[in-house]
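Here are the chains, one letter per residue:
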Amino acid sequence: MATEVFQRKGASVRDARQFVAAVLEEWELPDELADTAELVVSELATNAVLHARAGVFSVTLRRLHDDQVRIAVVDFSHTPPTKTVAADEEDHGRGLALVEAVSQQWGTDPLRWGKRVWADLQAPAMAETPTPGIPIYSSHRAQVVYVLILLTVATAVLGGLATRS
């Protein structure tokens, strides 16, 4: 297990990502898992920076199995995070949906002094030989970015069609 305490400021989100990457590298876990873990800790740490009450938050990594880790962010707010549905034009509000999409499970544990928000991540299985002509993206992050790009393009196309009607 590895734990680090961070100041509740924007730059700490980057520091939390670097901490997670360093620990997973030390544990010799796959890069694909590290990419996903960095995405998850970014979202959870950002929520702690934006919504917690005290000046610090902590990030803990626990290795559950050879290819599975739990990332937990503890802050001093009793308010549980809520997954929202962001409108197309909003530039925030999708963080927990991303966490849910890339984790096996996630949740919140109330604590006497605040809460723990956690997510369990599984290293991806080795990919089979790709079928020719089908694009394969090597990391979860690349897959999430690809899906977000497709959604953005679809929204733009549908929005353009709606304004013509």
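Higher on the page you've got the structure.
Residues numbered from 1 in each chain as written. Predicted model: local features only at pLDDT ≥ 70, side-chain atom pairs only at ≥ 80, totals over all residues. Heavy atoms only, no water.

If you walk across this open sheet you meet the five strands as β1-β2-β3-β5-β4, and the pairing is antiparallel. Every interior strand has two partners, whereas the edge strands, β1 (2-7) and β4 (105-111), have only one. Ignoring strand direction, the axes of neighbouring strands in this sheet form an average angle of 20 degrees. Direction of pairing for β1 relative to strand β2 (residues 56-65): antiparallel, over a ladder of six bridges. Its bridge partner being in β2, Thr 3 is matched across the sheet by Thr 60. Against the sheet, helix α1 (residues 11-26) touches β1, β2 and β3 (68-75), its axis set at about 165 degrees to β1. Where helix α2 (residues 31-51) meets the sheet, its contacts fall on β2, β3 and β5 (114-122), and the angle it forms with β3 comes to roughly 15 degrees. (Pairing = 2+ DSSP bridges. Helix = DSSP H or I, 4+ residues; strand = E, 2+ residues; numbered from the N terminus. Axes fitted to C-alpha atoms, helices over the stretch in contact; angles between N-to-C directions. Contact = heavy atoms within 4.5 Å.)

Attention shifts here to the environment of Val 144. Among the secondary structure elements, Val 144 is positioned in helix α4 (residues 140-164). In the structure, Val 144 is positioned 46 residues away from Leu 98 in sequence and 8.3 Å away in space, judged by C-alpha atoms. Residue contacts for Val 144: discarding those within four places in its chain leaves Leu 98 and Val 102.

As a packed pair, α1 and α2 sit with axes 8 Å apart at the nearest point and diverge in direction by 150 degrees. One finds that α1 runs roughly antiparallel with respect to α2. The element α1 and its partner α2 pack so that their crossing is right-handed. Where α1 abuts α2, its residues Val 13, Ala 16, Arg 17, Val 20, Ala 21 and Leu 24 lie against Leu 33, Ala 34, Ala 37, Glu 38, Val 41, Ser 42, Ala 45, Thr 46 and Val 49. Broken down by class, the residue content of the contact of α1 with α2 amounts to eleven nonpolar, two polar and two charged. (Parallel < 35°, antiparallel > 145°, perpendicular 65-115°, else oblique. Left-handed = near helix turned anticlockwise from the far one by under 90°. Nonpolar A, V, L, I, M, F, W, Y, C, P; charged D, E, K, R; others polar.)

Turning our attention to the side chain of Arg 70. Examined against the element boundaries, Arg 70 turns out to sit in strand β3. Within the structure, Arg 70 has its side chain in polar contact with the side chain of Asp 120 (distance 2.5 Å). Leaving out residues up to four positions away in the same chain, Arg 70 has contacts with Thr 60, Leu 61, Arg 62, Leu 64, Gln 105, Trp 118, Ala 119 and Asp 120. (Polar contact = N/O pair within 3.5 Å; in protein donor to acceptor, adjacent residues only side chain to side chain.)

Taken together, the side chains of Tyr 146, Val 147, Leu 148, Leu 150 and Leu 151 present a nonpolar region at the surface, about 430 Å² in accessible area. Take Val 147: it is sitting in helix α4. The partly exposed category is assigned to Val 147, whose relative accessible area is 44%. (Patch = residues over 30% accessible without salt bridge, like charges linked within 9 Å, V, L, I, M, F, W, Y side chains within 5 Å. Areas by Shrake-Rupley, 256 points an atom, 1.4 Å probe, with all protein chains shown as cover. Salt bridge = Lys/Arg side-chain N within 4 Å of Asp/Glu carboxyl O. Buried < 20%, exposed > 50% of the residue type's maximum accessible area, 1.4 Å probe, protein only.)

Remember, this is a structural readout, not a statement about activity or role.
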